[in-house]
Amino acid sequence: MDLISLSAENNLKKSAPLADRMRPKTLEEFVGQEKIIGKGRLLYRAIQADKLSSIILYGPPGTGKTTLAKIIANTTNMCFEQLNAVTSGVKDIREVVRESKDRLGMYNQRTILFIDEIHRFNKSQQDALLPYVENGTVILIGATTENPYFEVNKALISRSMIFKLDPLENKDIKKIILRALNDTEKGIGQFNVNLHEDALEHFINISNGDARIPLNGLELGILTTPPDEKGTITITLEVAQECVQQRALKYEKNGDEHYDTISAFIKSMRGSDPDATLYWLAKMIYAGEDPKFIARRIVICASEDVGNADPNALTLAVSAFDAVTKIGMPEGRIILAHAAVYIACAAKSNACYKGIGNALDDIKNTRTGSVPNHLKDASYKSASSLGHGKNYKYAHDYENNYVKQQYLPKELQNVKYYKPTENGYEKMIKEHLNKLQK
């Protein structure tokens, strides 16, 4: 590297955002993720012993995937190459592979290839990597915010170890902020900063497990707040709130968080917990989820999980879907909350859901029974000569509008598909059926 390039790189490091300057350089400096990188853990031992195999680091933004990859580069004796899947293609992969082969042949030095956002590589690009990962030409470190089991080729998955990184805990975020405040070389320790406790708590709480958010907010607060006559920069809660006004949520509409959140929402309604129902609903609304998608799930839950225990639930849910479609957001949030809380608090029964499932299983897996003659259509000319409709008993001609007769096929005459529960209105249905069938 020439002097001009070296000077440019040093200047870039000095002017880099605080979050980038504070990246740990060693395993000892790394904060959080103890379950995978704590002392004695598999990944920690592999890095320390310089015996790393291909790995994929999977987790939300700001949890340390890129940092961990660079620490590995600093710790091992391997050469480190980096590509970004957004800007790189098969040609770049081949160039790295060619250099890796030369390095291995001439110096017996292996190469780590770090690919950020590996989920953005298409199938052909991932396939181009496969033979060189398999034969050890390169040690792959892939980083992704998406579930690799959905977004990365199965062949690459089978040749890599998957490590899931979780959002950083509040104690980890606090440690990172305080480290930046006290670091005079890379951090902001050269400033005389008075960070109020409630401002610190705001930075921690709004981070949502992403260390970059509070560091960027803190740096903005320091650079834009004039010092007092003693040279002290005071970061109050109001300043902190101005610097980071809205919590960032990881919520891609086709990603894990989308499916996990709607799953939690449905299970909370099913589990009769209105508070959890409102929490997951609020998360989806805050993240910009399609309100019609939410309303559809409420309608499904009304029938699948409430059913005849409260027949009004489905009517209300369908009305809510119609109202949200006509009114839109933000007022639609009230309608969604109204319907979701009703479903959560309603008596529950999945008897209809189970009944149709069992009936469909019988249709699919057993011999389909024929319609009994007395139930067949008798309206056409030759029906009577075939015995269709003969001996059919019209229910309204009998007491209580009920008469016992065989409605199921002969082969299934004793099968019970609908088994009403003792819950809510369905208890009355059960009592009514038992009374009729005595």
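Every chain begins its residue count from 1, and numbering advances along the sequence as written. Residue-level local features of this predicted model are given only where pLDDT is at least 70; pairs of side-chain atoms are given and counted only at 80 or more, and the full residue set underlies all totals for whole chains, interfaces and linings. Side-chain numbers here rest on the full set of heavy atoms in the structure, without hydrogens or water.

With that out of the way, let us pick up a negative patch on the surface. Patches here: salt-bridge-free residues with over 30% relative accessible area, like charges joined within 9 Å, nonpolar side chains (Val, Leu, Ile, Met, Phe, Trp, Tyr) joined within 5 Å. All accessibility values rest on the Shrake-Rupley procedure with a 1.4 Å probe; residue burial counts only the protein chains present in the view. Criterion for a salt bridge: a side-chain nitrogen of Lys or Arg within 4 Å of a carboxyl oxygen of Asp or Glu. A positive count includes Lys and Arg, and a negative count includes Asp and Glu. His and the chain ends are not counted in either. The atom standing in for a charge is NZ when the residue is Lys, CZ when it is Arg, CG when it is Asp and CD when it is Glu. The grouping of E197, D198, E201, E238 and E242 at the surface amounts to a negative patch. Only DSSP runs of H or I reaching four residues or more are called helices, and only runs of E reaching two or more are called strands; each is numbered from the N terminus. Mapped by element, the contributors of at least two residues to the negative patch are α11 (197-206) and α13 (237-243). For the negative patch, the element with the most residues is α11, which contributes three residues. Relative to the helices and strands, E242 resides in helix α13.

On to the sheet that holds strand β1 (residues 55-58), then. Paired strands, in this sense, are two strands between which DSSP finds at least two bridges. One open sheet holds the five strands; their spatial order is β2-β3-β4-β1-β5, and the pairing between them is parallel. The open sheet is flanked by β2 (79-84) and β5 (161-164), the only strands paired with a single partner. For this sheet, the mean inter-axis angle between neighbouring strands, taken without regard to orientation, is 20°. Here six bridges tie β2 to strand β3 (residues 111-116), and the two strands are oriented parallel to one another. Paired with F80 across the bridge in β3 is I112. This element, helix α6 (residues 90-107), spans β2, β3 and β4 (138-144) of the sheet and lies at about 175° to β2. To get an axis, fit a line to the C-alpha atoms, keeping to the stretch in contact for a helix; angles then go from 0 to 180 degrees between the N-to-C directions. Pairs of residues are marked as contacts when any of their non-hydrogen atoms sit within 4.5 Å.

Moving on, we come to the nonpolar core. The tendency in soluble globular proteins is for nonpolar side chains to be buried side by side. One finds I177, L195, F203, L215, L218 and I235 to be the most contacted residues of the largest nonpolar core, which totals 28 residues. Secondary structure elements with two or more residues in this core: α2 (18-21), α10 (170-182), α11, α12 (212-224), β7 (233-235) and α13. Setting aside anything within four residues of it in sequence, one finds L218 in contact with I177, L181, I188, L195 and F203. Counting residues in each nonpolar core, the second largest holds 26 residues, with I266, M284, A295 and A346 among its members. Throughout this description, the term nonpolar core refers to a set of buried Ala, Val, Leu, Ile, Met, Phe, Trp, Tyr and Cys residues connected via side-chain atoms within 4.5 Å. We call a residue buried when its accessible area falls under 20% of the maximum for its residue type, exposed when it is over 50%, and partly exposed in between, using a 1.4 Å probe and counting protein chains only.

Fair warning: the whole summary comes from geometry, so function is off the table for now.
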